[in-house]
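Chain residues, written in single-letter form:
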Amino acid sequence: MAKALLVFEDGRVFEGQGFGYEGVTTGEAVFQTGMSGYQETLTDPSYHRQIVVMTAPHIGNTGMNTTDEESHQIWVAGFVVRENSPVVSNWRAERSLDEELQRQEIVSISEVDTRAITRHLRDKGAMRAGIFSGEAANEPIAKLVERVQNTETMQGLDLSDEVSTRERYVIPAVGVKRFKVVALDLGIKSMTPELLSQRGIEVEVVPSTLSPTEFDALEMDGFFVSNGPGDPATAVQAIELVRHALSQRIPFFGICFGNQILGRALGFETYKLKFGHRGINQPVKDLQTNKVEITSHNHGFAVQAPLHEISETQFGRVRVSHVCLNDDVVEGLECLDRPAFSVQYHPEAAAGPHDSAYLFDRFLQLMENNA
Amino acid sequence: MPKRLDLDSVLVIGSGPIIIGQACEFDYSGTQACRVLKAEGIRVILVNSNPATIMTDPEFADATYIEPITVEFVEKVIAKERPSALLPTLGGQTALNVAMQLHEQGVLERYGVELIGADVDAIKRGENREQFREIVSMIGAESARSRVCHTMDEVLLAAEELGYPLVVRPSFTMGGSGSGFAHNEAELRDIATAGLLASPTTEVLIEESIFGWKEYELELMRDKHDNVVIVCSIENFDPMGVHTGDSITVAPAMTLTDREFQHMRDVGIEIIRKVGVDTGGCNIQFAVNPLDGRMIVIEMNPRVSRSSALASKATGFPIAKIAAKLAIGYTLDEIPNDITKKTPASFEPTLDYVVVKIPRFAFEKFPGANPKLTTHMKSVGEAMAIGRNFTEALQKALRSIEKKGSEFSFGDCEDDVAELLHETSYGHENRINAVQQALWCGASIEEVHEFSKIDRWFLAQIHLVNQVAKSLIDIEQLNAETLKRAKRMGFSDAQIAALRGLTLKEVRDLRHSFGIRPVYKTVDTCAAEFEAFTPYMYSSYDEENEVTPRSREAVFILGSGPNRIGQGIEFDYSCVHASLTLRELGYDTIMINCNPETVSTDYDTSSRLYFEPLTLEDVLEVIHVEAANGPIAGVICQLGGQTPLGLAKQLQDEGINILGTSPESIHRAEERGEFGAILESNDLVSPPFGVASSFEEARRHASVIGYPVLVRPSYVLGGRGMAIVYDEDSLAHYLKTATEIEPNHPVLIDRFLDDAIEIDVDALFDGKELFLAGVMEHIEEAGIHSGDSACTLPPITLSPNDIERIQDATSKIAQSVNVRGLINIQFALSADVLYVLEANPRASRTVPFVSKATNVPLAKAAARIAVGESIQDLRNRGILPLHDALTSTATEVIAVKEAVLPFSKFQGVDTVLGPEMKSTGEVMGINHSFGAAFLKAQLAANSKGLPRKGKAFVSVADRDKRSMIFPIKRLHDLGFEILATKGTADVLRRNGVKVVEVRKHSEGTGAFGETTIVEQIMNQEIDLIINTPHGRGAREDGYAIRTAASLRSIPSISTVQGLAATVQALEALLTAELSVQSLQEYAAQLAQTGH
Ligand SMILES: Nc1ncnc2c1ncn2[C@@H]1O[C@H](COP(=O)(O)OP(=O)(O)O)[C@@H](O)[C@H]1O
Ligand SMILES: Nc1ncnc2c1ncn2[C@@H]1O[C@H](COP(=O)(O)OP(=O)(O)O)[C@@H](O)[C@H]1O
Ligand SMILES: [Mg+2]
Ligand SMILES: [Mg+2]
């Protein structure tokens, strides 16, 4: 395929080969360090509006299949890899990565120095970028840079509505139904309701626009807020909903964006990390048990909270339950006076290790204690 | 929870001699462990019989015991040192097995020694195949269907249940000893007999064959808090059926989705928990059915393994080092990641590159060995390469192997595609080349997959390589784009030159004119997420270069590449020493090497490490990039063996400064004519010789020189293709079969010195002064390669006058060759004439042995001479002793080196020794008498040791009959029953030795069922064998005897000199209590005796 350019807002340009869809795309460039799970990454709504750079050099080897999808579509704004696989080799593969990127019109680039790009993002921070392939790649560089500079920054973006479901839907419990959970979809991954349902929980997934009145009308044993893209500071409605749930002492569990929303609901600030955590090898310590779990991350924002002391909030005492050992970023919050907790990382994995699946059991426990 | 404070001293056990399946990766792991423990203030006591290791250098432990790794000797060390704990998981299977025996015999309990790093039950659960299977099924995972058997009857019953083909796998072994595939009962009986014997618990597993499935490995670590991390996943290019040690392997896994990988990870974690490895590392192997993903757990190794060394080098995560820290109480999150400094070790490395490992074999040394690769490991070394994609890593690895024809080639398709496809269907040394050729010659990926079962993804990558090769041929003018594309896929300039009909230099110049050069990236454990502080680099044709400027002057040290017979760990030893000492002197040292097993490729060893092939192209590019980043003093080529030595001249031609001995001097020593002139001008002699380009010429030379003669192709290494020829017929036969004689490939014909004593000398020369480091007298006579012969330091039968002559000759040769640094000379003393066999102007295989025996850091001294220090300086600074090393028996300490041979891995190969080197490793015995030192060396070299009593069988060549009488008599007096074949028996009887006559193999079983000697050996009725090869005739008998002895691992002596030494050893064994002493204690004694 034709030449393609990856252009950064600061003027740095990488030339490579276009693949997937030919055209132009822009977004926030971030790097992802997982060596497996590109399909899960592509279909994770949290990557909405982001151009994802894979640090693992060979991508596409196992093709694409239906079971490993985390949502019904690819969300990344653009895809950057070192080597796109010429063939597909896996007994579950249904089609190739290239075909799928074309079908879903995802502009992508390969044959670029992804390590140099990663180092650039690490040193300068996540920034806006654009992929220009085919005709578009022939425009003067200065023009392309300008185009990138004219796009929106992630900070201050409210994207929940763009990724959330429009309709409510229910995922039945596997086996005997023990509880019912309402899951606020801000970009939920399909593995999350699946893991809940495996534990005998019926999950009703609701749109991000759910109002407190609608909330009150729903029957539930627990409330869940999902992961998702965007700046948590803009998620005013969801934050209100969580405050509403906390005051009713409804058992609460939040993942990723959901953790930031709980944090803000409790009165903590959130901030943008320089280049974020995106990978499946991150060491997180449970500050209560001192055990380390290897976890899946995908977050560009984080909660600002004191690590080793208990904070007094409007909803009682709160402590930081988990911390990332690489950089001491807050990775979990636990309310001591309310049945509520959340983590910044992804216990549902997909992609990533299953070390943190116990958190779903903990949620179950909360609901049991509350029952 | 921090380090335990109750451990004052820890005993570390090494892995002993280098053997197939257990190589210098355990020097790497053991050295790391010793360093960690010492840095923690723990007294380190080390036992390892292998003198060629870095770990046995006196500075790495507080008490270093070069003693046999047997219960008896380790117990002595324990009794003497009373360590608080024993760390057995870093010395391979050898250390683990001896630790288990120490436990079972109550030794550990008796002396209150705690086992750390793994407990006995966990080791049993991991290693015992039956217990392990139970664990696998307990956690809901699957093993191959199998039966555990202890007798042949059980084996046959199992076969009936499971059906053929089957795999036989013994318990508690490594490297697949005694295992193999059986397609029918006859094969099963054969393999299972060996398997039952190989297992220390007489236990084998008979298992359904899952030949052709995908094979994977995971490296895991767990701490006492139950934190578990997967350090690395490895995928085998060769599907199930070829031992992972013999497979081409790739990291990370390339063809698993996240779901499949996480399932494997979950099962791995459950296994390490249930087996109960609670502080340390383990390796788990899996097979995956490519058709439906069904996953089977193959085995686990509850210790640091060959794969963990590879995984450490592949990821930058130092498994052994961390295992040692976990063993003394740390948890993973308390240990910092060396490379990023800021993040902890409790994470999983992520790679932004591809690593390929390729094994190196030595079948050419063992004619008659079956070169088919199976479940039983046969490779002797390996090379690893790193690239930013698979093809780059693969092609770099192929050229790192340094074997003719190992790189892909793209010639005309002369071979039949059907034949090529067949060649891909089973494991063998050149299978990957067959795969590439089959694809090149028109086979489809599907076809090759069908025959080979190699994953289509790998095949497609090789297909890409072929396509690029095709474009290189087709394109009219070689342009930048095509060239760059080829370089990005790992093509060497040499391959491109061959494809385009250009010279190497033309390709290089063209490439440089286009500005196409590699950049260097860092191995950083984290795919650049965090800054790396350790310059562990690899090349890639990518965009951004990460090499940073330096201010100190740099010295490059070229390593020795993959281990092979004749060039192994000994050379790595010298390279590491040079690096350590030059860093002390204030240089930046830059190591270039591609052997993942070594200490030299530990990122801690040098200021910078480049994991690169040792070819001119790759080395020049590294020098280029470093020259652009700081001052350079030069390159040291004389420590890594023949590989870097061969590059010296070419590097100099490119204007690079060679430190130490100059390429001109190297040439003077290596070129026969020039060297002959040097000898002549110094009144020294070499055996008369001639160079022949035709059979006629060879015949003429031989008859002038006189038989027997030694014939060899000119320009050979490690005695490749050498033979001793006794008459004209054999000469004709040799020239017909062993070598192509033609004007470009002449053959050298030397007078073979019969009954000569061979002497090895290592010395240092600085241009003015000679330091004679060691004179080693070989036990076996000249004609047995110096690397295979036992030797003693100091010599025991040479007179002061002999030694003076040797010293004088060494001095003259060093002077005339004009060496700067180390020189090794081999002499032969025959009928009181001192012949010079050869001179090697470089570090030799014996440097570490001499260093340990005499407590002189030779390699360090050589490196210092290379950068300009004089021997006088070194003496003044106490690095060299004031007087030359041990030359006479007046000193107290005697060290004996013994070679360790790989015959047990190559069934059916004649075990007779000759001028071609065959050993893979060595051990050292050190004591105050020759007998005791030789005995220790034997005990260390042979797992069965020497018998204290029983039946000794003797059968010697006529020329040896006279000299065997006395030692056999002595053997008889020591209580051995003597058996002999007719001729030998007659001589012994006439000399008053009571002897029982036995039937020869060629005579067959007697009329009344009298068994032949071979049958008796097979029935394990014989305890010691003395069989010297007969010059001519009766060879078959000798062959059968030696093969049987090797099959049954019965100590077997093949020279009369060896016999005499063995008898002395038996005397020591039977009469005296053997004591153990550390090198540090010997050093103190050497210092006292004025040395
Ligand atoms: N059931 C089997 N069918 C086919 N090949 C097998 C089977 N089991 C093992 N192998 C092959 O034999 C090799 C050696 O077996 P393994 O159990 O790992 O022994 P070792 O202890 O020598 O490493 C494996 O790497 C694999 O390729
Ligand atoms: N002329 C000779 N007579 C007897 N033995 C010899 C003679 N030349 C070489 N050898 C034997 O062959 C071995 C290998 O020969 P050498 O020249 O040292 O080759 P390499 O380069 O392989 O070390 C020596 O160690 C010695 O035992
Ligand atoms: Mg194995
Ligand atoms: Mg030699």
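Structure shown above.
Residues numbered from 1 in each chain as written. Chains lettered and ligands numbered in written order. Predicted model: local features only at pLDDT ≥ 70, side-chain atom pairs only at ≥ 80, totals over all residues. Heavy atoms only, no water.

**Observations concerning the overall build of chain A**
Phase 1 of the analysis: Helix and strand counts for chain A come out as ten helices and 20 strands.
Phase 2 of the analysis: Relative to its length of 371 residues, chain A is compact, with a C-alpha radius of gyration of 20 Å against a globular reference of 21 Å.
Phase 3 of the analysis: With the C-alpha coordinates aligned to their principal axes, the bounding extent of chain A is approximately 60 × 40 × 40 Å.
Phase 4 of the analysis: Looking at chain A as a whole, 67% of its 371 residues are labelled buried.
Phase 5 of the analysis: Here the contacts in chain A between residues at least 6 apart in sequence split such that 74% fall between residues at least 24 apart.
Phase 6 of the analysis: For chain A, the accessible surface area stands at approximately 12,400 Å², while carbon and sulfur atoms represent 46% of it. (Helix = DSSP H or I, 4+ residues; strand = E, 2+ residues; numbered from the N terminus. Rg over C-alpha atoms; globule rule 2.2 N^0.38 Å. Buried < 20%, exposed > 50% of the residue type's maximum accessible area, 1.4 Å probe, protein only. Contact = heavy atoms within 4.5 Å. Areas by Shrake-Rupley, 256 points an atom, 1.4 Å probe, with all protein chains shown as cover.)

**What to know about the overall build of chain B**
Phase 1 of the analysis: When helices and strands are tallied, chain B shows 37 helices and 39 strands.
Phase 2 of the analysis: Whereas a compact globule of 1091 residues would reach a radius of gyration of roughly 31 Å, chain B reaches 28 Å, a difference of no more than 12%.
Phase 3 of the analysis: The C-alpha extent of chain B, read off along each of the three principal axes, is 80 × 70 × 65 Å.
Phase 4 of the analysis: Relative to all contacts within chain B whose residues are 6 or more apart in sequence, the contacts with residues 24 or more apart total 71%.
Phase 5 of the analysis: A total of about 35,800 Å² of accessible surface is found on chain B, and carbon and sulfur atoms cover 49% of it.

**Regarding the nonpolar core**
All names here are of chain B.
Phase 1 of the analysis: Among the nonpolar cores identified, the biggest contains 155 residues, and Met 221, Phe 317, Val 356, Ile 386, Leu 394, Phe 491 and Leu 764 are the most heavily contacted of them.
Phase 2 of the analysis: Top element by residues in this core is helix 16 (residues 456–474). It accounts for ten residues.
Phase 3 of the analysis: Beyond its immediate chain neighbours, meaning those up to four positions away, Phe 317 contacts Met 221, Val 229, Val 231, Ser 312, Ile 322, Ala 345, Phe 347, Pro 349 and Thr 525. (Core = buried A, V, L, I, M, F, W, Y, C linked by side-chain atoms within 4.5 Å.)

**What to know about the sheet that holds strand 26 (residues 723–725) of chain B**
Residues and elements named next belong to chain B.
Phase 1 of the analysis: As summarised here, the arrangement of the four strands in space is 24-27-25-26, forming an open sheet in which the pairing is antiparallel. The sheet is open, and its two borders are formed by strand 24 (689–692) and strand 26, each paired with just one other strand. The average undirected angle you get between the axes of adjacent strands in this sheet is 25°. (Pairing = 2+ DSSP bridges. Axes fitted to C-alpha atoms, helices over the stretch in contact; angles between N-to-C directions.)

**What about the pattern of salt bridges?**
Phase 1 of the analysis: Under the definition given, this model contains 107 salt bridges over all chains.
Phase 2 of the analysis: Residue B:Glu72 pairs with B:Lys76 through a salt bridge whose shortest N-O separation is 4.0 Å. One end of the pair, B:Glu72, and the other, B:Lys76, are both in helix 2 (residues 71–81), four residues apart, so they sit about a helical turn from each other.
Phase 3 of the analysis: Owing to a relative accessible area of 37%, B:Glu72 belongs among the partly exposed residues under this scheme.
Phase 4 of the analysis: A salt bridge links B:Lys403 to B:Glu364; its shortest N-O distance comes to 3.3 Å. Of this pair, B:Lys403 sits in the loop between helix 12 (390–400) and helix 13 (417–423) while B:Glu364 sits in the loop between strand 15 (354–360) and strand 16 (381–387), placing them 39 residues apart in sequence.
Phase 5 of the analysis: For B:Glu364, a relative accessible area of 32% puts it in the partly exposed group.
Phase 6 of the analysis: The network of salt bridges with shared partners includes A:Arg82, A:Glu83, A:Glu111, A:Asp113, B:Arg388, B:Arg485, B:Arg488, B:Lys521 and B:Asp542. (Salt bridge = Lys/Arg side-chain N within 4 Å of Asp/Glu carboxyl O.)

**Regarding the state of the cysteines**
Residue and element names in this part refer to chain B.
Phase 1 of the analysis: Enumeration over the complete set of coordinates arrives at one disulfide over all chains.
Phase 2 of the analysis: Note that Cys 413 is cross-linked by a disulfide to Cys 441, the S-S spacing being 2.1 Å. Every disulfide takes its handedness from the sign of the S-S torsion; for Cys 413 and Cys 441 that torsion is -90°, giving left-handed. Of the two residues, Cys 413 sits in the loop between helix 12 and helix 13 while Cys 441 sits in the loop between helix 14 (431–440) and helix 15 (445–452), which places them 28 residues apart along the sequence. (Disulfide = S-S within 2.5 Å.)

**As for the side chain of B:Asp455**
Phase 1 of the analysis: With respect to the helices and strands, the residue B:Asp455 is situated in the loop between helix 15 and helix 16.
Phase 2 of the analysis: Using a relative accessible area of 8% as the deciding quantity, one classes B:Asp455 as buried.
Phase 3 of the analysis: Among the polar contacts made by the side chain of B:Asp455, one reaches the main-chain amide nitrogen of B:Trp457 at a distance of 2.8 Å.
Phase 4 of the analysis: The contacts of B:Asp455, once residues within four sequence positions are left out, are A:Ser89, B:Lys214, B:Thr255 and B:His449. (Polar contact = N/O pair within 3.5 Å; in protein donor to acceptor, adjacent residues only side chain to side chain.)

**With respect to the packing of aromatic side chains**
Phase 1 of the analysis: Summed over the entire model, instances satisfying the criterion amount to 24 aromatic pairs over all chains.
Phase 2 of the analysis: Seen in terms of ring centroids, A:Phe253 and A:Phe363 are 5.4 Å apart; in terms of plane orientation they differ by 50°. Their pairing is tilted. Of this pair, A:Phe253 sits in strand 14 (residues 252–255) while A:Phe363 sits in helix 10 (residues 358–370), and the two are 110 residues apart along the sequence. Neither residue differs from the other here; A:Phe253 and A:Phe363 are each classed as buried.
Phase 3 of the analysis: Taking the centre distance of 5.4 Å and the plane angle of 55° together, the rings of B:Tyr353 and B:Tyr538 count as tilted. In this pair, B:Tyr353 sits in the loop between helix 11 (319–327) and strand 15 while B:Tyr538 sits in strand 18 (residues 536–540), placing the two residues 185 residues apart along the sequence. (Phe/Tyr/Trp six-rings, centres within 6.5 Å; stacked < 30°, edge-to-face > 60°.)

**Brief notes about the coordination of the magnesium ion (ligand 4)**
Coordination angles at a metal have ideal targets, namely 109.5 degrees for four tetrahedral donors and 90 or 180 degrees for six octahedral donors.
Residue and element names in this part refer to chain B.
Phase 1 of the analysis: Protein-derived coordination of the magnesium ion (ligand 4) comes from Gln 826 (OE1), Gln 826 (NE2) and Glu 838 (OE), at a distance range of 2.1 to 2.8 Å. Of this pair, Gln 826 sits in strand 31 (residues 821–830) while Glu 838 sits in strand 32 (residues 833–840); the two residues are twelve residues apart in sequence, bridging distant segments of the chain.
Phase 2 of the analysis: The class for Gln 826 is buried, based on a relative accessible area of 9%.
Phase 3 of the analysis: Accessibility expressed as a relative area gives 31% for Glu 838, which makes it partly exposed. (Donors = N, O, S within 2.8 Å, 3.2 Å for Na, K, Ca; no water.)

**Considerations on the coordination of the magnesium ion (ligand 3)**
Residues and elements named next belong to chain B.
Phase 1 of the analysis: Binding of the magnesium ion (ligand 3) to the protein goes through Gln 285 (OE1) and Glu 299 (OE), at separations of 2.2 Å. You can see Gln 285 sitting in strand 13 (residues 280–288) and its partner Glu 299 sitting in strand 14 (residues 295–301), a full 14 residues away along the chain. Just as Gln 285 is buried, Glu 299 falls in that class too.

**Concerning the pairing of strand 14 of chain B**
Residue and element names in this part refer to chain B.
Phase 1 of the analysis: Burial within strand 14 is extensive, with seven of its seven residues counted as buried.
Phase 2 of the analysis: In this sheet, strand 14 lies alongside strand 13 in antiparallel orientation, the contact comprising six bridges. Pairing of Val 288 across the sheet is with Met 295, part of strand 14.
Phase 3 of the analysis: Linking strand 13 back to strand 14 in an antiparallel pair, the connection comprises six residues, with Gly 293 at a positive phi of about 80°.

**Some remarks on the environment of B:Glu697**
Residue and element names in this part refer to chain B.
Phase 1 of the analysis: Mapping Glu 697 onto the fold places it in helix 25 (residues 695–705).
Phase 2 of the analysis: A residue is classified by how much of its surface remains accessible, and Glu 697, at 23% relative accessible area, is partly exposed.
Phase 3 of the analysis: Along the backbone, Glu 697 and Leu 735 are 38 residues apart, and their C-alpha atoms lie at a distance of 12 Å.
Phase 4 of the analysis: The contacts of Glu 697, once residues within four sequence positions are left out, are Val 691 and Ala 692.

**Observations regarding helix 29 (residues 858–866) of chain B**
Residues and elements named next belong to chain B.
Phase 1 of the analysis: Helix 29 sits mainly inside the fold: nine of its nine residues count as buried.
Phase 2 of the analysis: Along helix 29, the residues that are buried comprise Leu 858, Ala 859, Lys 860, Ala 861, Ala 862, Ala 863, Arg 864, Ile 865 and Ala 866.
Phase 3 of the analysis: Gly 868 sits one or two positions beyond helix 29 and adopts a positive phi of about 110°.

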